[in-house]
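Architecture and fold: a report
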Amino acid sequence: MQRIEPRPEAQTSPAQGYSNGAEQQNGRGQAPVPTGFASTGANPHTQSFEEIYGVPENFLEIEVIDPQTHQPTASPSSRYTTYLIRLSTNIPAFKLRRSEVRRRYSDFEVFRDLLERESARVSIPPLPGKVYLNRFDDAVIEERRRGLERFLRIVAGHPLLQTGSRVLGGFVQDPAWDKNLW
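Residues numbered from 1 in each chain as written. Predicted model: local features only at pLDDT ≥ 70, side-chain atom pairs only at ≥ 80, totals over all residues. Heavy atoms only, no water.

Digging into the sheet that holds strand β5 (residues 98–104)
Sheet architecture is open: three strands sit in the order β3-β4-β5, paired in antiparallel fashion. At either margin of the open sheet sits one strand with a lone partner, and together these are β3 (60–70) and β5. Strand-to-strand twist of the sheet, defined as the mean angle between neighbouring strand axes without regard to direction, takes the value 20 degrees. Direction of pairing for strand β4 (residues 80–89) relative to β5: antiparallel, over a ladder of seven bridges. Along β5, the bridge assignment pairs S88 with R98. Sheet contacts for helix α3 (residues 105–118): β4 and β5; angle to β5, the most-contacted strand, approximately 105 degrees. Of the strands in this sheet, β3 and β4 are in contact with helix α4 (residues 138–156), which crosses β3 at around 150 degrees. (Pairing = 2+ DSSP bridges. Helix = DSSP H or I, 4+ residues; strand = E, 2+ residues; numbered from the N terminus. Axes fitted to C-alpha atoms, helices over the stretch in contact; angles between N-to-C directions. Contact = heavy atoms within 4.5 Å.)

Pasting the structure below:
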């Protein structure tokens, strides 16, 4: 059997990019960490501009924005609010790289129920609670919008749901998605 000897550590001065050289003098035997360098374990390296500023391998940006309150009839009970879901991604599980769809809170409720039924291995986070008083107040709508965005970021970012859910892609990307067809 051949024995492999460890490589001797190179001595490096602070002028070569290390923070202050104190790591070499602290007696812990640890190699100094270079300042401004990326490190993925024991092999520090300088990142290229493509690594720093390029498009990441996989990205998913999802926003719930632009709440709009609608009143289709003269009846006050017919009022509802819709939210714009804007998605931008390069993850292959999603059919479109960019999409925008409008959804009501009741759509989110059906969507969450469908997710729970189809994915027993994944814990689906709760939606923001139902509001019965002042539900069309701007502060209440904004709080709900933030809660719906937080919910969607968790759900859409989950790798098991991205690859295993039949309902996720349609809900966040298909303008013709209908809660009554599920």
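There's more to say after this.
A short note on α3
Taking 1.5 Å of rise per residue, 14 residues should cover 20 Å, and α3 covers 20 Å from first to last C-alpha, within 8% of that figure. Here α3 has its buried residues at Y105, D107, F108, F111, R112, L114 and L115. Buried residues in α3 make contact with β4, β5, α4, α5 (159–164) and α6 (168–173). (Expected span 1.5 Å × (residues − 1). Buried < 20%, exposed > 50% of the residue type's maximum accessible area, 1.4 Å probe, protein only.)

Quick look at the pattern of salt bridges
Taken as a whole and assessed by the stated rule, the structure comprises 11 salt bridges. E109 is paired through a salt bridge with K130; the nearest N and O atoms lie 3.8 Å apart. With E109 in helix α3 and K130 in the loop between α3 and α4, this pair connects stretches of sequence that are 21 residues apart. In this structure, E142 and R146 form a salt bridge, with 3.5 Å as the shortest nitrogen-oxygen distance. Here E142 and its partner R146 are both found in helix α4, four residues apart, which amounts to about one turn of the helix. On the basis of relative accessibility, which here comes to 29%, the residue E142 falls in the partly exposed class. (Salt bridge = Lys/Arg side-chain N within 4 Å of Asp/Glu carboxyl O.)

Topic: the pairing of β4
Each regular strand displays side chains that alternate between the two surfaces of the sheet. Buried residues dominate β4, accounting for eight of its 10 residues. Two elements, β3 and β4, share nine bridges in a ladder whose sense is antiparallel. What sits directly across from E61, in β4, is S88.

Points about the side chain of S78
Within the element layout of this structure, S78 appears in the loop between β3 and β4. Among the polar contacts made by the side chain of S78, one reaches the side chain of T73 at a distance of 2.9 Å. Excluding anything up to four places from it in sequence, S78 contacts H70, Q71, P72 and T73. (Polar contact = N/O pair within 3.5 Å; in protein donor to acceptor, adjacent residues only side chain to side chain.)

A short note on unusual backbone geometry
As a rule of thumb, non-glycine residues mostly have phi less than zero, and peptide bonds are mostly trans rather than cis. In this structure, D66 is a non-glycine residue whose phi angle is positive, near 50 degrees. Under the relative-accessibility criterion, D66 is labelled partly exposed at 38%. The phi dihedral of N134 falls on the positive side, at around 55 degrees, and the residue is not glycine. In this fold, N134 is placed in the loop between α3 and α4. Of the residues examined, N134 reaches a relative accessible area of 60% and is grouped as exposed.

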